[in-house]
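Structure at a glance
Listed here are the chains, written in short residue letters.
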Amino acid sequence: MKEFQGIGVSPGIAIGKVFVLHSGESFNLPKRAVGPEQISNEIARFEDALTRTRTEILNIRRKLSDQIGRESSDIFMAHLLILEDRTLIEDVIEVIKSEKAGAEYAFATVIQRYFKAFSKINDEYLKERISDIRDVGKRLLGNLCGEEKKRLEDLQGKVIIVSHDLSPSDTALLDKNKVIAFVTEIGGPTSHTAILGRSMEIPAIVGIEKIVGEVQDNDSVIVDGTHGVVVLSPDSATYDKFSRQGNEFLQLTSELDKLRELPAETLDGKRITLAANIEFHHEVSSALSHGADGVGLYRTEYFYMNRTTLPTEQEQYEAYRKVAEGMRSRSVIIRTLDLGGDKFASTLEIPHEMNPYLGWRAIRFCLTRKDIFKTQLRAILRASAHGDLKIMYPMVASVYEVRAAREILKEAKVELEREGLAFHKDIHVGAMIEIPSAALASDVLAKEVDFFSLGTNDLIQYTLAIDRMNEKIAYLYEPTHPAIVRLIDLTIRNGHGHNIWVGSCGEMSSDPAIAILLVGLGIDEISASPVTLPKIKKAIRSIRYSDAKEIAQRALALHTGKEIYAFLKGKLRDVCVELADE
Ligand code: PEP
Ligand code: MG
């Protein structure tokens with residue numbers, strides 16, 4: 001039995017068998033140990049990947065030769081020669097055998113040795129061959145790991161995925177009927193992979209360094225997503241303990257779900273709109289079953305992932321219409337495309353940047369790719385004829401973006417009018433407040449929009465200079481840092497000062513102790529993953545607004561994130577001990 005501690009990002013307990021999934025993005029792969037009986041299978045997998053890579057290269061070469069001539073296509077000859085290099089093949093087989101390692105690790109290890117050897121050679125021509133080795137190596141690794149994904153699609157039973165990393169686009173493909181939990185070595189609590197774990201309602205843990213090297217397919221494992229604990233090969237007492245806790249968790253969840261029909265209202269009658277964050281249109285049922293008053297954030301970027309063409313206006317219109325109608329006249333806020341950071345789409349060539357979170361992303365990308373942006377706005381506008389839709393722009397840093405987006409929205413409206421297509425003419429438009437400049441200048445921004453929604457995941461990242469993806473500095477990611485509490489307070493006051501409502505759609509509001517703070521600061525709407533809504537509602541229904549306001553003022557006067565959090569937790573314990581001790 002062995003225990004690992006990571007960052008629990010989606011609550012609940014799962015008990016099952018490991019499935020090791022390799023991502024194939026880098027040559028720094030952790031070792032996957034295999035049993036002696038699997039060695040011949042790993043060699044066969046490697047040889048199979050060699051053959052497939054060779055066929056792919058021959059096909060590309062043939063195509064290029066037809067299109068641009070024989071000479072240019074000859075670069076691929078170099079790739080073929082690398083694949084046929086007997087020494088390389090034998091070295092990989094040797095690593096599989098001697099280190100009892102999976103094929104991807106063995107191949108990556110040998111390729112790294114080649115890089116080292118080539119970089120020491122004093123010959124420019126040979127040095128340049130490194131890029132050929134890298135290209136062909138990536139292709140082969142992709143084939144080995146792609147086969148892993150295929151293996152995942154073909155799964156019969158239910159598994160717990162253990163992987164170095166899972167990209168949001170890979171996570172979006174996971175089938176909840178087959179994957180009951182996942183564990184990764186990297187990633188922070190508000191990475192989009194973590195957020196998807198919560199939306200799938202399966203336990204998930206990130207940030208367990210080197211776990212991939214410690215497990216094998218079919219190992220028995222327990223994942224406690226609430227506390228971030230993984231137990232490998234549990235003994236029977238541990239198994240019983242976690243099974244019991246798993247049942248208690250399910251019981252508490254179903255108890256809280258009984259609040260579904262009740263309003264998110266404080267004891268003295270202050271009503272808060274409690275909305276759901278969704279990523280896919282089919283999550284409407286989950287939002288409703290957990291008692292959402294609306295959708296406070298529909299992250300539309302998943303529409304653009306895992307496909308070879310851009311989504312058409314009609315396709316988007318149909319999905320947005322489904323959400324609008326599914327929510328039965330409740331408010332639905334559609335956030336326009338927020339790609340970049342940790343979310344990429346293969347159809348959109350966003351170049352690799354040094355600082356992707358500070359780069360050409362979200363509204364910045366949309367304002368330069370007006371074609372893509374207008375298509376989405378037209379789709380949202382058309383769907384607005386079928387429900388209460390609102391538009392929200394991500395990553396607003398200044399009034400410029402809002403004004404530029406408004407012009408494009410105006411054009412879309414004029415076009416639809418001309419085409420005789422129905423839409424809601426006065427559709428409300430909001431800005432996400434997730435960049436410190438937007439929060440600090442929220443008084444001027446408030447004059448430009450109909451509402452604000454605080455995107456605290458990014459607001460924390462940018463204010464505290466903490467990469468939200470990085471597990472090594474996750475301990476510094478403090479939602480209750482005084483700077484964050486002050487920025488939220490300022491934004492709400494500025495919003496209200498200009499008669500617009502202010503919501504919050506970051507992950508921090510799913511912590512009931514923090515929800516009390518937000519209520520006390522005067523928040524109008526809280527939007528969070530559907531599964532977390534019942535406990536937020538329970539917290540809101542347990543407190544008086546007058547007390548929450550006083551709590552918020554006292555929190556504002558404290559000096560550290562830890563002090564503020566401990567204070568809030570204590571107040572939550574006073575009013576609802578079950579939530580505080582969860
Ligand atoms: C946020 O930044 O808080 C937010 C809700 O958006 P996302 O997590 O998609 O960046
Ligand atoms: Mg954001």
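These numbers come from a predicted model, not from an experiment.

Assigned secondary structure in the protein chain consists of 23 helices and 16 strands. Against the 2.2 N^0.38 benchmark of 25 Å for 582 residues, the protein chain shows a C-alpha radius of gyration of 26 Å, consistent with a compact globule. If one aligns the C-alpha atoms of the protein chain with their principal axes, the spans along those axes are about 75 × 70 × 45 Å. In the protein chain, which comprises 582 residues, the proportion classed as buried is 56%. If you take every contact in the protein chain between residues at least 6 apart in sequence, the share linking residues at least 24 apart comes to 69%. In the structure as shown, the protein chain presents an accessible area of about 24,600 Å², 51% of it carried by carbon and sulfur atoms. For the protein chain, the distance from the average site of its 74 positive side-chain charges to the average site of its 85 negative ones is 2 Å.

Turning our eyes to something else, we now look at the environment of G142. Locating G142 in the fold gives a position in helix 6 (residues 124-153). Distance from G142 to E104, taken between C-alpha atoms, is 9.3 Å for residues 38 residues apart in sequence.

In total, this model carries three cavities of 30 Å³ or more according to the counting rule given. The set of elements that each furnish at least two residues to the lining of the largest cavity consists of helix 9 (236-257) and helix 20 (533-541). With four residues, the single largest contributor to the lining of the largest cavity is helix 9. Its residues placed into classes, the lining of the largest cavity shows six nonpolar, two polar and two charged. In this structure, the lining of the largest cavity is formed jointly by two domains, domain 2 (159-253) and domain 3 (263-581), each of which donates at least three residues. Computed from the structure, the second largest cavity encloses a volume of approximately 70 Å³. Elements represented by at least two residues in the lining of the second largest cavity include exactly strand 10 (294-299) and helix 17 (456-464). Of the residues assigned to the lining of the second largest cavity, the class counts are three nonpolar, four polar and seven charged.

On to the domain arrangement of the protein chain, then. Split by domain assignment, the protein chain resolves into domain 1 (23-145), domain 2 (159-253) and domain 3 (263-581). Contact with domain 1, which involves eight residues of that partner, is made by seven residues of domain 2. Summing the contributions of domain 1 and of domain 2, the shared interface buries around 590 Å²; its carbon and sulfur component is 49%. Put simply, domain 1 and domain 2 have zero salt bridges between them. Taken together, domain 1 and domain 2 are joined by zero residue pairs in polar contact (both at pLDDT 80 or more). Each residue belonging to the side of domain 1 that touches domain 2 can be placed in one class, and the counts come to three nonpolar, three polar and two charged.

Here we come to the site of ligand 1. Within the structure, ligand 1 sits among 16 residues, and H192, R299, G455, N457 and R468 are positioned closest to it. Interatomic distance of 2.9 Å between a side-chain N/O atom of E434 and an oxygen atom of ligand 1. The contact in question runs from an oxygen atom of ligand 1 to an N or O atom on the side chain of D458, over 3.0 Å. Judged by its atoms lying within 2 Å of the grid points, ligand 1 is housed in the second largest cavity.

Here we come to the sheet that holds strand 9 (residues 273-278). Two orientations exist for strands paired in a sheet by backbone hydrogen bonds: parallel and antiparallel. Taking strand neighbours around the barrel as the criterion, the eight strands line up as 9-10-11-12-13-14-15-16 in a closed arrangement whose pairing is parallel. The mean inter-strand angle of the sheet, taken between neighbouring strand axes irrespective of direction, is 25°. Across five bridges, strand 11 (residues 331-335) lies against strand 12 (residues 388-393) in parallel orientation. From the neighbouring strand, R335 faces strand 12, where its bridge partner is M392.

What follows deals with the coordination of the magnesium ion (ligand 2). Ligation of the magnesium ion (ligand 2) by protein atoms is provided by E434 (OE) and D458 (OD), these donors lying 2.0 to 2.1 Å from the ion. Taken together, the positions of E434 in the loop between strand 13 (428-433) and helix 15 (436-440) and D458 in helix 17 put the pair 24 residues apart, joining distant regions of the chain. Considered together, E434 and D458 belong to a single accessibility category, that of buried residues.

This paragraph deals with the layout of surface pockets. Size it by volume and the second largest pocket reaches roughly 1,000 Å³. Lining of the second largest pocket is provided by 37 residues; of these, G8, P189, S510, D511 and Y565 occupy positions nearest its centre. Those elements giving two or more residues to the lining of the second largest pocket turn out to be strand 2 (7-10), helix 17, helix 19 (512-521) and helix 22 (561-575). In the lining of the second largest pocket, the residues fall into 14 nonpolar, 15 polar and eight charged. Taken domain by domain, the lining of the second largest pocket gets at least three of its residues from each of domain 2 (159-253) and domain 3 (263-581).

Moving on: the packing of helix 19 against helix 20. Direction vectors running N to C along helix 19 and helix 20 enclose 55°, while the axes themselves pass 9 Å from each other. With respect to each other, helix 19 and helix 20 are oriented oblique. Pair helix 19 / helix 20 crosses with right-handed handedness. Between helix 19, through P512, A515, I516 and V519, and helix 20, the contact on the second element is made entirely by K535, I536, A539 and I540. Among the residues making up the contact of helix 19 with helix 20, the classes are represented as seven nonpolar, no polar and one charged.

Bringing the packing of helix 4 (residues 86-99) against helix 5 (residues 103-120) into the picture now. Contact geometry for helix 4 and helix 5: axes closest at 9 Å, N-to-C directions at 130°. Judged on the interaxial angle alone, helix 5 and helix 4 are oblique. Crossing angle aside, the handedness with which helix 4 passes helix 5 is right-handed. Residues T87, L88, D91, V92, V95, I96 and E99 of helix 4 form the contact with helix 5, whose participating residues are A103, Y105, A106, F107, V110, I111, R113 and Y114. A per-class count over the contact of helix 4 with helix 5 returns eleven nonpolar, one polar and three charged.

About the criteria used
One numbering rule holds for all chains: residues counted from 1, following each sequence as written. For this description, chains carry letters from A and ligands carry numbers from 1, given in the order in which they are written. Only residues with pLDDT of at least 70 get local features here, since the model is predicted, and only at 80 or more are side-chain atom pairs given and counted; chain-wide, interface and lining totals rely on the full set of residues. The basis for every side-chain value is the complete set of heavy atoms in the structure, and neither hydrogens nor water enter the calculation. Working definition: helices are DSSP H or I runs of at least four residues, strands are E runs of at least two. Numbering for both runs from the N terminus. We take the radius of gyration over the C-alpha atoms and set the globule estimate at 2.2 Å times the residue count to the 0.38 power. In this scheme, a residue with accessible area under 20% of its type's maximum is buried, one over 50% is exposed, and one in between is partly exposed, where area comes from a 1.4 Å probe on protein chains only. Between two residues, a contact is recorded if the distance between any of their heavy atoms is within 4.5 Å. To measure how exposed things are, a 1.4 Å probe is used in the Shrake-Rupley method; for residues, cover is taken only from the protein chains shown. Asp and Glu count as negative and Lys and Arg as positive, but His and the ends of the chain are not part of the count. By convention, charge coordinates are those of NZ in Lys, CZ in Arg, CG in Asp, or CD in Glu. With a 1 Å grid laid over protein atoms only, a set of points is called a cavity when a 1.4 Å probe fits there but cannot get out and a pocket when it is open yet has protein on both sides within 12 Å along at least five of seven lines; lining residues have an atom within 4 Å of a point. Grid points are joined across faces, edges and corners, and a volume is the space filled by probe spheres set on the points. Classification used: nonpolar for Ala, Val, Leu, Ile, Met, Phe, Trp, Tyr, Cys and Pro, charged for Asp, Glu, Lys and Arg, polar for all others including Gly. The domain boundaries here were taken from an automatic or database domain assignment. Buried area is a sum: the accessible area each of two parts loses on coming together, probed at 1.4 Å, counted once for each and added. When a carboxyl oxygen of Asp or Glu lies within 4 Å of a side-chain nitrogen of Lys or Arg, that pair is called a salt bridge. By the criterion applied in these results, polar contacts are pairs of N or O atoms within 3.5 Å in which, for protein atoms, one can donate a hydrogen and the other can accept it, and in which residues neighboring in sequence qualify only through two side-chain atoms. If even one non-hydrogen atom of a residue comes within 4 Å of a molecule or strand, that residue is called near it. Just a note on the criterion: a molecule sits in a pocket or cavity if more than half of its atoms are within 2 Å of the grid points. DSSP-based pairing: two strands are paired if at least 2 bridges between them are found. To obtain an axis, a line is fitted to C-alpha atoms, over the contacting stretch when the element is a helix, and the angle between two such axes runs from 0 to 180 degrees between their N-to-C directions. A donor here means an N, O or S atom no more than 2.8 Å from the metal, or no more than 3.2 Å when the metal is Na, K or Ca. Since water is not included, a site may seem to lack partners. In these notes the angle categories are as follows: under 35 degrees is roughly parallel, over 145 is roughly antiparallel, 65 to 115 is roughly perpendicular, and the rest is oblique. We call a crossing left-handed when the near helix sits turned anticlockwise from the far one by less than a right angle, and right-handed when that turn is clockwise.

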